[in-house]
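Now for the letters of each chain:
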Amino acid sequence: MTKPTQQSAYLNAYEAIRDKIFNGELTGGTKLVEERLAEELGVSRTPIRESIRKLEQEGLIKNRKVANPSDADLRHMFQVRMLLEGFAARSAATYMSEESLTKLHECVITGRNGTVEEIMMANYAFHDIIVQASHNPVMIDIIDRMQSIIYLFRKTVVYHKRPFLIDEHEEIYEAIRDHDGDKAEKLMKEHLQADLDFCLHLLQRGQLK
């Protein structure tokens, strides 16, 4: 059996640490110790160091600790999402293909009838289909680099069953289907504002994990 390459060791370490954050094994404020993680994952410290650097860029780690987002952190991230995804929804109303529109509607249906994990995937796909429809590679790249931290908040709104989440998806879908860019942008911004308000409420009650 050949030794894993440096790249695969880095990817494996990155995914392992990220998943520990996602599943709550590493909670907010936990200090990351390179030596301990290297021993636990059976790799050298180099891929651990590279993984931590990438997770810092993605917002999951701050100052070598698992991020514990403040009110301001949440507001800043969602403000960026509102600007970018609002514009993406407006663009989608003009440029989205019939095939993508069908997939967007399937996300709404899954959101109403799926299991929690299926709803999580449908929620991700719904937003991703709209962002991809912008055909703006710079915007797509910025959103992609935010995906890890976005995942944590997506998990929050799905697992805590935010009211009207899927109703809002359906309204956004209908605006895009009807080629109403103004309405699609407005609804997307309101949708993300509702996500932010819900996460802030849980954060203030100590329930945001």
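Residues numbered from 1 in each chain as written. Predicted model: local features only at pLDDT ≥ 70, side-chain atom pairs only at ≥ 80, totals over all residues. Heavy atoms only, no water.

A. Just the side chain of Gln 147, in detail. Turning to its location among the elements, Gln 147 is positioned in helix 8 (residues 147-159). Setting aside anything within four residues of it in sequence, one finds Gln 147 in contact with Tyr 124 and Arg 154. (Helix = DSSP H or I, 4+ residues; strand = E, 2+ residues; numbered from the N terminus. Contact = heavy atoms within 4.5 Å.)

B. Spatial organisation of empty space enclosed by the protein. This structure, assessed with the given rule, holds two cavities of 30 Å³ or more. The space that makes up the largest cavity amounts to roughly 70 Å³. What lines the largest cavity is simply Phe 78, Arg 81, Asn 123, His 127, Ile 150, Phe 153, Arg 154, Val 157, Asp 195 and Cys 199. Of all the elements in the fold, those that place two or more residues in the lining of the largest cavity are helix 4 (71-95), helix 6 (116-132), helix 8 and helix 10 (181-204). It is helix 8 that contributes the most residues to the lining of the largest cavity, four residues altogether. When its volume is computed, the second largest cavity comes out at roughly 30 Å³. Residue lining of the second largest cavity: Ala 92, Ala 93, Thr 94, Tyr 95, Met 96, Leu 101, Ile 176 and His 179, and that is the complete set. The greatest single-element share of the lining of the second largest cavity, amounting to four residues, is contributed by helix 4. (1 Å grid on protein atoms, 1.4 Å probe; cavity = no way out; pocket = protein on both sides within 12 Å on 5 of 7 lines; lining within 4 Å. Points joined across faces, edges and corners; volume = space filled by probe spheres on them.)

C. Summary view of the packing of aromatic side chains. Tallied over the entire structure, the rule returns three aromatic pairs. Note on Phe 78 and Phe 153: the rings are 5.8 Å apart at their centroids and 55° apart in plane angle, and the pair reads as tilted. Here Phe 78 is found in helix 4, whereas its partner Phe 153 is found in helix 8, with 75 residues between them in sequence. Across the pair, Phe 153 and Phe 78 agree in class, each one buried. Directly above the aromatic system of Tyr 14 lies the positively charged group of Lys 54, at a separation of 5.4 Å from the ring centroid. (Phe/Tyr/Trp six-rings, centres within 6.5 Å; stacked < 30°, edge-to-face > 60°. Buried < 20%, exposed > 50% of the residue type's maximum accessible area, 1.4 Å probe, protein only. Lys NZ or Arg CZ within 6 Å of the ring centre and 35° of its normal.)

D. Expanded view of the pattern of salt bridges. For the structure shown, the criterion picks out 20 salt bridges. Of the charged contacts, one joins Arg 162 and Glu 168 as a salt bridge, the two residues approaching to 2.7 Å between their closest N and O atoms. When the shortest N-O distance is used, the salt bridge between Glu 185 and Lys 189 registers 3.5 Å. Here Glu 185 and its partner Lys 189 are both found in helix 10, four residues apart, which amounts to about one turn of the helix. Residue classification places Lys 189 among the partly exposed residues on the basis of a relative accessible area of 31%. (Salt bridge = Lys/Arg side-chain N within 4 Å of Asp/Glu carboxyl O.)

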